[in-house]
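Analysis of the macromolecular model
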Amino acid sequence: MALPPWTIELLRRGVQDIARQATDPETAASLKEQASKLVDDLPRVAREKVDTLLRQAESSTRPLKDAWNRGEFFTGSWWNAASDGTVPVRLINGSGTLLHPLGSGVPLSAGSLSAAIPFLSGDGAHVTGIDAALCKKIAGVFVRKNPAAEAGAEGYSVAVTSSFDSAIALVALLGGPGARLHVPRKCAVPLPSGASCSPGTFDGDGSSAGASGGSTPPNQDRGGMLAERLGAFARGGVSEFGSISSDEAVRISDMQLDGGPRRHGRPNDRGPRFAERRAILVRLAGTTVEGDRPEGMVEVVVLPVGSCFDLPSPSSTNSDNTNSSGSDSANDNASVTADITRSVQAELAAGADVVVLAGGTLSGTPDVGIVVGKTNTVARMIEHDRARWLMADTAKLAMVANAVAEQASGKSPVHSLITASEDNLRDRAERLATQLSGSTYVTSVRVSDDHARIGPEDQASIPSRQVVVSLRDDAHELATRLLKGPTGLLLRPSGNDLAIDLRWISPEQQSRISDLFA
């Protein structure tokens, strides 16, 4: 019995739609199994025809993340013909530094990618108010993680901008006529503009990575400082206050609340109380400003590097509390991530009215700007007639909504890497050492227990395990070769040794390392 043509067409469309949305290998396999059971119940001729449609759909709409992970992303794509050095490399980060300048090697989750596919593919339905609904969903996650906000009357709102710079511009919109933005001089450190950076770069004491004595290096471009970024967008005044010295405290009393900017060339005579109500304090996370805040002042905290919610401590998942040196790792590493990363959740709980986060690896989001704060204050930003130019598109907004929900429930990619126990890393390191010991150019392999880091400048560290491969020749040449290709392996060479740190490598990525060495 032959199936009607319209039935075949419906089956074909349904299979293609499902296959296009399945970005996770396990999800794709489950769908294929269910479809196969359905086909078995059909007559023979119909079964053969539908089986052909299934194979065509699988080959033409292979899950995106699966193709990328298997190094097949470039086959038949535009990137396959690129020869100018712009081809992206899927990175396996064995350097021991999560926020490495060459990349983290931590992908966005399959759920975040699949959330964006309906909008990236061009055939997603244009639902009225979808952007506002997604922002409300994100805000709801922050409210649930902060009981104080849930009990409050105002609550939180969220805005997602196309970049971190756009988020800074959105904050600057608060500084309209009659208002002034106040920035502590200790925040005179360069902010990121598309480049990788580490939490240690923004320590809130007036110094930056590579600088000493709490002063800005003479060759530093002040156009990248917080005050200058705000000044480029603000319509009101931007003033710096307090000392840049790390030895001196910054106080609210140092702010010049003189009634606001001059009006038509004359001093503003509306008085200091009006200035207090229209003052906006903008500081980097970690910069302490002492003193009671005047009534009506808005406090904005900027997080150039951070997470949405507090990251866990790796020591909490260890089955033993003793490291190889015999010290108590629970005491040495308890809440270690709290010392080197800050979160939107913690800053809101500490009393910030608005928090601006640069999206990225630690938040599990694309490189966007995430603005979370009290509803009335965020509304003042997004209701501005220029705000619509700064917002992220719907696809990125959907990815952020999924990523925030995942991190709140402890299921983000970074969360999984941080919570891997030392026992787990040691077992994986021993297996990898056995696999690599058979290579002809390897003289010896051993396992070490140095610590990994979030960023290159961080003083705090995280327990880890490394596979150290000793070679017959200089290790730098092999490290350079392993970094090239569709899948690059980022290692730490030293003399004739290559160290492969497993803290920021997932088990799925580790399964490819022996093939890359071979």
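Attention here is on the structure that accompanies the text. Predicted model, so just to flag it, every value in this text is computed and none were measured.

Right, let's get into the overall build of the protein. Scanning the protein for helices and strands turns up 20 helices and 17 strands. The contacts of the protein with a sequence gap of at least 6 include a subset with a gap of at least 24, amounting to 70%. By element, 50% of the accessible surface of the protein is carried by carbon and sulfur atoms, the whole surface being about 24,700 Å².

So, about the packing of helix 5 (residues 110-120) against helix 15 (residues 394-408). Running from N to C, helix 5 and helix 15 cross one another at 160°; their axes reach a closest spacing of 8 Å. When the axis of helix 5 is compared with that of helix 15, the two are roughly antiparallel. Relative to helix 15, the crossing made by helix 5 is right-handed. On helix 15, the residues touching Gly111, Ser112, Leu113, Ala115, Ala116, Phe119 and Leu120 of helix 5 are Thr394, Ala395, Ala398, Met399, Asn402, Ala403 and Glu406. Class assignment for the residues of the contact of helix 5 with helix 15 results in 9 nonpolar, 4 polar and 1 charged.

Attention now moves to helix 6 (residues 130-145). Taking 1.5 Å of rise per residue, 16 residues should cover 22 Å, and helix 6 covers 23 Å from first to last C-alpha, within 8% of that figure. All buried positions along helix 6 are accounted for by Leu134, Cys135, Ile138, Ala139, Val141, Phe142 and Val143.

Attention now moves to the side chain of glutamate 299. Tracing the backbone through its elements, the reader meets glutamate 299 in strand 8 (residues 298-303). By relative accessible area, glutamate 299 is classed as buried at 7%. At a separation of 2.8 Å, a polar atom in the side chain of glutamate 299 contacts the side chain of arginine 283. With residues near it in sequence (within four places) discarded, glutamate 299 still touches Leu281, Arg283, Arg293, Ala352, Asp353 and Val354.

With the rule as written, the count across this model stands at 1 aromatic pair. The ring of phenylalanine 309 carries the charged tip of lysine 145 above its face, separated from the ring centre by 5.6 Å.

Right, let's get into the sheet that holds strand 11 (residues 442-448). One open sheet accounts for 4 strands, arranged 11-14-17-16; its pairing is antiparallel. One side of each edge strand has no neighbouring strand; the edge strands of this open sheet are strand 11 and strand 16 (492-494). Neighbour to neighbour, the strand axes of the sheet diverge by 20° on average, direction disregarded. Bridge analysis of strand 11 against strand 14 (residues 466-471) gives 6 bridges, and the strand direction is antiparallel. Each residue of the ladder has a partner; that of valine 447, found in strand 14, is valine 467. Relative to strand 11, helix 17 (residues 422-436) is tilted by about 180°, and along the sheet it contacts strand 11, strand 14 and strand 17 (497-501). In the packing of helix 18 (residues 475-483) onto the sheet, contacts are made with strand 14, strand 16 and strand 17, and the angle to strand 17 comes to roughly 40°.

Buried within helix 5 are the following residues: Ala110, Ser112, Ala116 and Ile117. Across the axial projection of helix 5, the buried residues extend over an arc of 150°, all falling on one side. Just beyond helix 5, the residue with positive phi is glycine 122, at close to 90°.

This part takes up the sheet that holds strand 2 (residues 156-161). Strands pair in a sheet through their backbones, by hydrogen bonds, and they do so in one of two ways: parallel or antiparallel. Sheet architecture is open: 7 strands sit in the order 2-10-9-8-6-3-4, paired in mixed fashion. Because the sheet does not close on itself, it has two edges, and the strands there are strand 2 and strand 4 (237-241). Taking each pair of neighbouring strands and ignoring which way they run, the sheet shows an average axis angle of 20°. Bridge analysis of strand 8 against strand 9 (residues 354-358) gives 4 bridges, and the strand direction is parallel. Looking at the pairing, valine 301 lines up with valine 355 of strand 9.

This next bit is on the pairing of strand 9. Of all 5 residues that make up strand 9, 5 are buried, and the element is covered over most of its length. Residues Val354, Val356 and Ala358 line one face of strand 9 and the alternating positions Val355 and Leu357 line the opposite face, and both faces are buried. Two strands pair when backbone bridges link them, and strand 9 and strand 10 (residues 369-374) are joined in this way by 5 bridges, in the antiparallel orientation. Counted as the bridge partner of valine 355 is valine 372 from strand 10.

Let us now look at the environment of serine 416. Residue position: serine 416 is located in helix 16 (residues 413-418). Taking the C-alpha atoms as reference points, serine 416 and proline 312, 104 residues apart in sequence, are found 9.7 Å from one another.

What follows covers the environment of valine 289. Of note, valine 289 is situated in strand 7 (residues 289-290). Between the C-alpha atom of valine 289 and that of alanine 249, which follows or precedes it by 40 residues, the distance is 7.4 Å. Among residues more than four places away in sequence, those in contact with valine 289 are Pro184, Phe241, Val250, Arg251, Ile252, Leu281 and Arg283.

The next thing to look at is the pattern of salt bridges. In the structure shown here, the tally under the stated rule is 9 salt bridges. With a shortest N-O distance of 3.9 Å, glutamate 290 and arginine 251 are connected by a salt bridge. Of this pair, glutamate 290 sits in strand 7 while arginine 251 is found in strand 5 (residues 250-251), placing the two residues 39 residues apart along the sequence. Of the residues examined, glutamate 290 reaches a relative accessible area of 38% and is grouped as partly exposed. Taking relative accessible area as the criterion, arginine 251 reaches 41% and is therefore assigned partly exposed. A salt bridge links aspartate 497 to arginine 446, with the nearest nitrogen and oxygen atoms 3.9 Å apart. Of this pair, aspartate 497 sits in strand 17 while arginine 446 sits in strand 11; the two residues are 51 residues apart in sequence, bridging distant segments of the chain. Here arginine 446 falls in the partly exposed class, since its relative accessible area comes to 43%. Each member of the salt-bridge network shares a partner with another, and the members are Arg283, Arg293 and Glu299.

What counts, and where the lines are drawn
Residues numbered from 1 in each chain as written. Predicted model: local features only at pLDDT ≥ 70, side-chain atom pairs only at ≥ 80, totals over all residues. Heavy atoms only, no water. Helix = DSSP H or I, 4+ residues; strand = E, 2+ residues; numbered from the N terminus. Contact = heavy atoms within 4.5 Å. Areas by Shrake-Rupley, 256 points an atom, 1.4 Å probe, with all protein chains shown as cover. Axes fitted to C-alpha atoms, helices over the stretch in contact; angles between N-to-C directions. Parallel < 35°, antiparallel > 145°, perpendicular 65-115°, else oblique. Left-handed = near helix turned anticlockwise from the far one by under 90°. Nonpolar A, V, L, I, M, F, W, Y, C, P; charged D, E, K, R; others polar. Expected span 1.5 Å × (residues − 1). Buried < 20%, exposed > 50% of the residue type's maximum accessible area, 1.4 Å probe, protein only. Polar contact = N/O pair within 3.5 Å; in protein donor to acceptor, adjacent residues only side chain to side chain. Phe/Tyr/Trp six-rings, centres within 6.5 Å; stacked < 30°, edge-to-face > 60°. Lys NZ or Arg CZ within 6 Å of the ring centre and 35° of its normal. Pairing = 2+ DSSP bridges. Arc of directions from axis to C-beta. Salt bridge = Lys/Arg side-chain N within 4 Å of Asp/Glu carboxyl O.

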